[in-house]
Amino acid sequence: MSARIAQIRLVSSHPEVYEPCDDSFALVDALLADRNNLLEHKPTLCMEVGCGSGYVITSLILLLEEEANRSQFFATDINHHAIRVTRETMEAHGVYAELINTDIALGLENRLAGLVDLLVVNPPYVPTPEEEVGREGIASAWAGGENGRAVIDKILPVADKLLSKRGWLYMVLLTANNPSQICRQMMKKGYASRIVVQRSTEEESLHIIKFWRDFDIEVDPKDAVTNSNPGIVDSVLSQFQRLSSFWRNSDSSSNS
Ligand SMILES: C[S@@+](CC[C@H](N)C(=O)[O-])C[C@H]1O[C@@H](n2cnc3c(N)ncnc32)[C@H](O)[C@@H]1O
């Protein structure tokens, strides 16, 4: 059965809400690329942090259609306009998720701790002056502070708390966010990672990275990896090395 995703003409909008853009499309493409694995995975609780227009969460529900009846969906956004726009987008597609206007997952962390099988995040990742982070409205969609990491670095520990033992996280990151460092950081918490989609535009190099708990990675109480599976580390780091050399040698055309 071919996969359905959200239709742009049915996606609602508001001047203060992020419109689906290259990063949103790359995230949905990554979910499509991994769809067979997702269907086999049978996630029972799925969540998006920072749902914006609702394009990604709606697409996720539609592409998991065969499993969606058995799954529960949640989406949060710090921007209350985004919650309304997402509701309209979902209604236009005939799908449902519980929508919560909150900072990352504040107020949900205890309820959902260890239960989320699938978490998707297209965070505000653009490097900006720190004072732009957390501003009301549309600025909250992109302002990421130094290295674009201010919100990302808050989301990662929350993700670790929410994800179930078999939880998967898909996150959009820019080269400027230092994704290989984020992968190493997550590895210290016991996560393996791989790049599902990489796309270069004139303005940015986007990576959609999938993280999952890998029980071969042993983490000691001081948060150091003591007996990691070297194959995993080598594999993700060599992916970044190959991509860096690609970016140096290529023009800025798209690839994935
Ligand atoms: C780059 S936009 C992505 C929107 C949508 N997911 C997409 O891919 O088109 C980032 C979204 O995260 C939301 N956001 C920013 N900081 C947040 C926070 N601390 N908690 C929840 N949502 C946040 C913004 O309001 C915005 O809607």
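About the criteria used
Residues numbered from 1 in each chain as written. Predicted model: local features only at pLDDT ≥ 70, side-chain atom pairs only at ≥ 80, totals over all residues. UniProt positions renumbered as here; feature names shortened; annotations may be inferred. Helix = DSSP H or I, 4+ residues; strand = E, 2+ residues; numbered from the N terminus. Buried ≥ 20, exposed ≤ 12 C-beta atoms within 10 Å, placed from the backbone. Contact = placed C-beta atoms within 7 Å. Near = placed C-beta within 6 Å. Nonpolar A, V, L, I, M, F, W, Y, C, P; charged D, E, K, R; others polar. Axes fitted to C-alpha atoms, helices over the stretch in contact; angles between N-to-C directions. Parallel < 35°, antiparallel > 145°, perpendicular 65-115°, else oblique. Left-handed = near helix turned anticlockwise from the far one by under 90°. Pairing = 2+ DSSP bridges.

Per an unreviewed UniProt entry, the chain is named Eukaryotic/archaeal PrmC-related protein, and its organism is Corchorus capsularis. The record in UniProt for the chain states the following under Sequence similarities (unreviewed entry): "Belongs to the eukaryotic/archaeal PrmC-related family." The Subcellular location (unreviewed entry) field of the UniProt record for the chain holds the comment "Nucleus".

Novice: So, the overall build of the chain: which residues are in play, and what are the values?
Specialist: On a plain count of helices and strands, the chain comes out with nine helices and seven strands. Taken over 256 residues, the chain has a buried fraction of 41%. Of the contacts formed within the chain by residues at least 6 apart in sequence, a portion of 74% connects residues at least 24 apart.

Novice: Lay out the site of the ligand with the relevant residues and their values.
Specialist: Inspection of the region around the ligand gives 25 residues, with Ser-24, Gly-50, Gly-52, Asn-79 and Asn-122 positioned closest. Only helix 1 (22-33), helix 3 (55-63) and strand 2 (72-77) provide two or more residues apiece to the shell around the ligand. For the shell around the ligand, the element with the most residues is helix 1, which contributes three residues. Tallied by class, residues from the shell around the ligand come to 14 nonpolar, eight polar and three charged.

Novice: Before we move on, can you summarise unusual backbone geometry with the specific residues and values?
Specialist: Positive phi is not limited to glycine here, since Lys-42 has a value of about 50°. By the element assignment, Lys-42 lies in the loop between helix 2 (35-41) and strand 1 (45-49). For Lys-42, a count of 14 C-beta atoms within 10 Å puts it in the partly exposed group. Look at Asn-147: it is not a glycine, yet its phi comes out positive at around 55°. Mapping Asn-147 onto the fold places it in the loop between strand 4 (116-121) and helix 7 (152-162).

Novice: Got a sec to walk through the packing of helix 3 against helix 5 (residues 80-93)? Specific residues and values, please.
Specialist: As a packed pair, helix 3 and helix 5 sit with axes 9 Å apart at the nearest point and diverge in direction by 30°. In this view, helix 3 runs roughly parallel relative to helix 5, as classed from their interaxial angle. Read as a crossing pair, helix 3 and helix 5 show a hand that is right-handed. Across from Tyr-55, Ile-57, Thr-58 and Leu-62 in helix 3, the residues of helix 5 making contact are Thr-86, Thr-89, Met-90 and His-93. Considering only residue class, the contact of helix 3 with helix 5 consists of four nonpolar, four polar and no charged.

Novice: Describe the pairing of strand 1, naming the residues involved and giving the relevant values.
Specialist: Burial of strand 1 is extensive: four of the five residues sit out of reach of the surface. The pairing of strand 1 with strand 2 spans five bridges and is parallel. The residue bridging Leu-45 from the neighbouring strand is Gln-72, located in strand 2. Here strand 1 pairs with strand 4 via four bridges, running parallel. Looking at strand 4, one finds that Cys-46 is bridged to Leu-118.

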